[in-house]
Amino acid sequence: LDYKHSYFFVVFPMVRCLTGENEKEMETKEQRFSRIVEEYKRTIYTVCYMFSKDEDEVNDLFQEILIRLWQGFDSFEGKSDIKTWIYRVSLNFCLNYDKKQKRAGERVDLDMDIKPYEDNYEKSLQVKRLYKRINALGLVDRSVILLWLEGLSYDEIGAILGISVKNVSIKLVRIKEQLKQMSNI
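Below is a short write-up of the structure. (Residues numbered from 1 in each chain as written. Predicted model: local features only at pLDDT ≥ 70, side-chain atom pairs only at ≥ 80, totals over all residues. Heavy atoms only, no water.)

**Quick look at the environment of valine 37**
Let me state the cut-off plainly: The way it works is that DSSP assigns letters per residue, a run of H or I at least four long becomes a helix, a run of E at least two long becomes a strand, and they are numbered from the N terminus. Relative accessibility decides the category of a residue: with a 1.4 Å probe and only protein chains considered, values under 20% of the type maximum give buried, values over 50% give exposed, and everything between is partly exposed.
Note that valine 37 resides in helix α2 (residues 23–51). The class for valine 37 is buried, based on a relative accessible area of 3%.

**A few points about helix α7 (residues 154–161)**
Quick reminder of the rule: Note: the arc covers the axis-to-C-beta directions of the helix.
Three or more residues of α7 are buried, namely Ile157, Gly158 and Ile160. For α7, the arc enclosing every buried residue in end-on projection is 165 degrees, short of the 170-degree limit, so these residues lie on one face. Positive phi appears at glycine 162, one or two residues downstream of α7, with a value of about 75 degrees.

**Remarks on the packing of helix α6 (residues 139–149) against helix α8 (residues 165–181)**
Two quantities define a packed helix pair, namely the angle between the axes and the distance from one axis to the other. For clarity, the cut-off: Between N-to-C directions, angles span 0 to 180 degrees; the directions come from axes that are lines fitted to C-alpha atoms, helices contributing only their stretch in contact. Convention used here: angles under 35 degrees read as roughly parallel, angles over 145 as roughly antiparallel, angles from 65 to 115 as roughly perpendicular, and any remaining angle as oblique. Two residues qualify as a contact provided that any one of their heavy atoms is within 4.5 Å of a heavy atom in the partner residue. Residue polarity is assigned by list, with Asp, Glu, Lys and Arg as charged and Ala, Val, Leu, Ile, Met, Phe, Trp, Tyr, Cys and Pro as nonpolar; anything else, Gly included, falls into the polar class.
Running from N to C, α6 and α8 point in directions that differ by 95 degrees, and their axes come no closer than 10 Å. In terms of orientation, α6 lies roughly perpendicular with respect to α8. Facing Val140, Asp141, Val144, Ile145 and Trp148 of α6, the residues of α8 in contact are Lys171, Leu172, Ile175, Lys176, Gln178 and Leu179. For the contact of α6 with α8, the per-class residue count stands at seven nonpolar, one polar and three charged.

**Here's the deal with the pattern of salt bridges**
To keep it simple, the criterion reads: Basic side-chain nitrogens of Lys or Arg form a salt bridge, by our definition, when they fall within 4 Å of a carboxyl oxygen of Asp or Glu.
Under the defined criterion, the tally for this structure stands at six salt bridges. The salt bridge involving lysine 29 is made with aspartate 74; its shortest N-O contact spans 2.7 Å. Note that lysine 29 is positioned in helix α2 and aspartate 74 in the loop between α3 (55–73) and α4 (82–104), a separation of 45 residues in sequence. On the accessibility criterion, lysine 29 (6% relative accessible area) is buried. With its nearest N and O atoms 2.8 Å apart, the salt bridge here joins arginine 68 to glutamate 64. With a gap of four residues between them, arginine 68 and glutamate 64 both fall in helix α3, about one helical turn apart. The exposure class assigned to arginine 68 is partly exposed, which follows from its relative accessible area of 34%.

**Comments concerning the side chain of threonine 46**
The line we're drawing: Here a polar contact is taken to be a pair of N or O atoms separated by no more than 3.5 Å, where protein atoms must pair a possible hydrogen donor with a possible acceptor and residues adjacent in sequence count only if both atoms sit in side chains.
Mapped onto the secondary structure, threonine 46 falls in helix α2. At 2.7 Å, the side chain of threonine 46 and the backbone oxygen of arginine 42 are in polar contact.

**Observations regarding the packing of α6 against α7**
Our working definition: Left-handed is the label given to a crossing in which the near helix is rotated counterclockwise from the far helix by less than a right angle, and right-handed is the label when the rotation is clockwise.
Close contact between α6 and α7 brings their axes to 10 Å; oriented N to C, the two are set at 140 degrees. Viewed along their axes, α6 and α7 adopt a mutual orientation that is oblique. Like other packed secondary-structure pairs, α6 and α7 cross with a definite hand, here right-handed. Contact with α6, carried on its side by Ser143, Val144, Leu147 and Trp148, involves Tyr154, Ile157, Ile160 and Leu161 of α7 and no other residues of that element. Considered class by class, the residues forming the contact of α6 with α7 number seven nonpolar, one polar and no charged.

**Here's the deal with α3**
Let me state the cut-off plainly: The span one expects for a helix is its residue count, reduced by one, times 1.5 Å.
Its 19 residues place the ends of α3 26 Å apart at the C-alpha level, agreeing with the 27 Å of an ideal helix rising 1.5 Å per residue. Considered for burial, the residues of α3 that qualify are Glu57, Val58, Leu61, Phe62, Gln63, Ile65, Leu66, Ile67, Leu69, Trp70, Gly72 and Phe73.

What follows is the structure, given as C-alpha cells:
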C-alpha cells in the first residue's frame, strides 16, 4: 500500500466542508495536522491492522481515525504526549468499531498476504505468527501488547488505556504467558 498522501486528499476536503473554517486559518492547521499524521501514520496503521486483516477495512478505519483526530485537534490541550493522544483515539475508535461489528453480526475475515515489515522472509513469517496469536487475544489484552510492542513505557500504556502501571505489568506477564502457550496458532 502507498499511504504517503492518499489520506490527505480524502479527509481534508470533507473536513473543510464540515467545519466551514476560513482558508488562511485552515492552511496552518492543515500543515500542522499533516505533519503530525505523517509522523504517526505507522502508529495508526498498526492499530488498524490489529483490528482487521482486510485491506479496505484497514483503510476505512484509518480514514475514520483521521477524521476523529482532526475533529479533536483543536481541543487537544497537550496534557499528554501527542503520541499518547493518537494511540488513545485510534484504540478507542477501533475498540468501539470492533464491538459494533460483533453486535451487527458475524464478520468474515479475509486472509490477506500483508507484509508490513518485509525485511526478510523468516522475519516476516515470525511477525505473521505473532500477529495471528495476538489477534486471538481479547481486545484489551490485544491493545496492551500492541502498545508494548510499539515500545511504549508502562506509564504511557496505562495513560492510554486508563489503567494503573501495576495493572499493565500484571497484564503483560499474563499475556506473554498466553502467547507462549499458543504454539498451535
